[in-house]
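A look at the structure
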Amino acid sequence: MNCHETQRWLPGYLDGELDLVNAVAIEDHLKTCVRCAQAHTNHQALQVVIRGSRLYATAPSNLHQRIQTSLRQADTPARAPWTLRWRWYSLALALACVAVLAWGLGRAGVAPAADDRLAVEVLNSHVRSLMTDHLTDVVSSDHHTVKPWFAGKLDFSPAVDDLASQGYPLSGGRLDYLDGRPVAALVYQHQRHIINLFSWPAPQASDMPTTIEVRQGYNQFHWTQARMTYWAVSDLSADELQAFVQLVRNQSAPAPTQ
Ligand SMILES: [Zn+2]
């Protein structure tokens, strides 16, 4: 995130309105940029002043009564000429249309497709694993150690492949929770980049080719193979992550044990 973006998103960040990925990106930027850190301090000070000031004004006690009275008068058929009534109905109809339209737009904006929601969930898990010192529950580069660790913790046995000789050493694994169920998260490295490989059973799903998505600067690869669903996420370049995904796909993925 650059200075321009950071300062643009600062108010949202301070109000806790940003998603995890952008919040972390801002925090990273603030650690290294004196100018934006100063802007952050200024915004915080401003926020304190605004919260402390008395901007709230109490309405006069008879205001409610006056509004009610004027509404009743406007709506009285005997007094309202036909054209006035017609205008009220037009206005009501227009407002209803706006409300329906806004509801539709709101739904389109805030209710992404299930796959999209899952993609966001997967990305958040990846980012959270990097920021909370909770990258691995079992730290080992040996797949003979990592694979048995999952036994008894999951209702399936994830494929744990040793890809060190191909440039993607295993760092370990941990339990994660995605799509409403516990899943396996395997952590691989490539140079200094971390790859989270999530997998869980998809008993009903047929094999699906890899889809690639770029989301907030991270590459996400998703596929279904041998009744398992996979997500690989990293800030690696798409080519390097693609190579990793190909290696994983080439290994035989065992079926769920249940
Ligand atoms: Zn900056």
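Let me begin by describing the structure that accompanies this report.

Rules used throughout
Residues numbered from 1 in each chain as written. Predicted model: local features only at pLDDT ≥ 70, side-chain atom pairs only at ≥ 80, totals over all residues. Heavy atoms only, no water. Helix = DSSP H or I, 4+ residues; strand = E, 2+ residues; numbered from the N terminus. Buried < 20%, exposed > 50% of the residue type's maximum accessible area, 1.4 Å probe, protein only. Pairing = 2+ DSSP bridges. Contact = heavy atoms within 4.5 Å. Axes fitted to C-alpha atoms, helices over the stretch in contact; angles between N-to-C directions. Donors = N, O, S within 2.8 Å, 3.2 Å for Na, K, Ca; no water. Tetrahedral: all angles 85-135°; square planar, octahedral: opposite > 155°, others 65-115°.

**Concerning unusual backbone geometry**
The backbone phi angle of Q191 is positive, close to 55°, even though this residue is not glycine. The topology assignment puts Q191 in the loop between β3 (181-190) and β4 (193-201). Within the chain, R227 stands out as a residue other than glycine whose phi angle is a positive 60°. Exposure remark for R227: the relative accessible area of 43% places this residue in the partly exposed category.

**Focus: the sheet that holds strand β2 (residues 170-178)**
One open sheet holds the seven strands; their spatial order is β1-β2-β3-β4-β7-β6-β5, and the pairing between them is antiparallel. The sheet is open, and its two edges are formed by β1 (138-139) and β5 (208-215), each paired on a single side. Of the pairings in the sheet, the one linking β5 to strand β6 (residues 218-225) comprises six bridges and is antiparallel in character. Across the sheet, the residue bridging to R215 is Y218, located in β6. Where helix α8 (residues 238-250) meets the sheet, its contacts fall on β3, β4, β5, β6 and β7 (228-234), and the angle it forms with β6 comes to roughly 20°.

**Here we look at the coordination of the zinc ion**
Taken together, the protein donors to the zinc ion comprise C3 (SG), H29 (NE2), C33 (SG) and C36 (SG), at separations of 2.0 to 2.3 Å. Here the zinc ion binds four donor atoms, and the angle range of 100 to 117° at the metal identifies the geometry as tetrahedral. Residue classification places H29 among the buried residues on the basis of a relative accessible area of 11%.

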